[in-house]
Amino acid sequence: MGATGRETEGAVSTAKKQQTRQPSMYKVLLHNDDYTTMDFVVMILEKIFHKSITEASQIMLNVHEQGRGVAGVYPRDVAETKMILVYDLARQNEYPLKCSLEKD
């Protein structure tokens, strides 16, 4: 008998180890086109992706010179939301700015 007066039998503790994995990350890419202005791309990067003016300008130059640039890397749901925000703002301003996701 134990100290409390109860019999204690060999209790087996089977603690399951929780496997926590980091979510898959996705790059949000902006693509170059002949119509969307550089200023608009910088504004998108500042407002939606919270980039500084310096960082936004550098990403915009990557888009312009290399055909695409990485706006940010996020979990899938956040990346998809940001992509939708880019499309909505571009359409409101009548720009054909393209945006895509790429697994990191």
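Provided above is the structure to which this section pertains.
This write-up is about the structure you can find in this document. All values reported here derive from a predicted model rather than from experimental measurement. (Residues numbered from 1 in each chain as written. Predicted model: local features only at pLDDT ≥ 70, side-chain atom pairs only at ≥ 80, totals over all residues. Heavy atoms only, no water.)

1. Brief notes about the overall build of the protein chain
Then, number 1: Helix and strand content of the protein chain: three helices and three strands.
Then, number 2: Scanning the protein chain from its N terminus toward the C terminus, one meets helices and strands in the order β-α-α-β-α-β.
Then, number 3: Here the protein chain, with 104 residues, has 28% of them falling under the buried criterion. (Helix = DSSP H or I, 4+ residues; strand = E, 2+ residues; numbered from the N terminus. Buried < 20%, exposed > 50% of the residue type's maximum accessible area, 1.4 Å probe, protein only.)

2. Observations concerning the pairing of strand E1 (residues 25–31)
Then, number 1: With seven bridges joining them, E1 and strand E2 (residues 68–75) adopt antiparallel strand pairing. Its bridge partner being in E2, His31 is matched across the sheet by Arg68. (Pairing = 2+ DSSP bridges.)

3. Some remarks on the sheet that holds E2
Then, number 1: Here three strands make up an open sheet; going across it, the order is E2-E1-E3 and the pairing antiparallel. Every interior strand has two partners, whereas the edge strands, E2 and strand E3 (98–103), have only one. Direction aside, the axes of adjacent strands within the sheet are offset by 25 degrees on average.
Then, number 2: Here E1 runs beside E3; their pairing, made up of six bridges, is antiparallel. By the bridge assignment for E3, His31 is matched with Lys98. (Axes fitted to C-alpha atoms, helices over the stretch in contact; angles between N-to-C directions.)

4. A word on unusual backbone geometry
Then, number 1: The backbone phi angle of His50 is positive, close to 55 degrees, even though this residue is not glycine.
Then, number 2: By the secondary structure assignment, His50 is in the loop between helix H1 (38–47) and helix H2 (53–66).

5. Some words on the nonpolar core
Then, number 1: Formed by 22 residues in total, the largest nonpolar core has its most connected members in Val28, Leu30, Ile44, Leu45, Phe49, Val86 and Leu97.
Then, number 2: With residues near it in sequence (within four places) discarded, Val28 still touches Phe49, Gly69, Val70, Ala71, Gly72, Tyr74, Ala79, Cys99, Ser100 and Leu101. (Core = buried A, V, L, I, M, F, W, Y, C linked by side-chain atoms within 4.5 Å. Contact = heavy atoms within 4.5 Å.)

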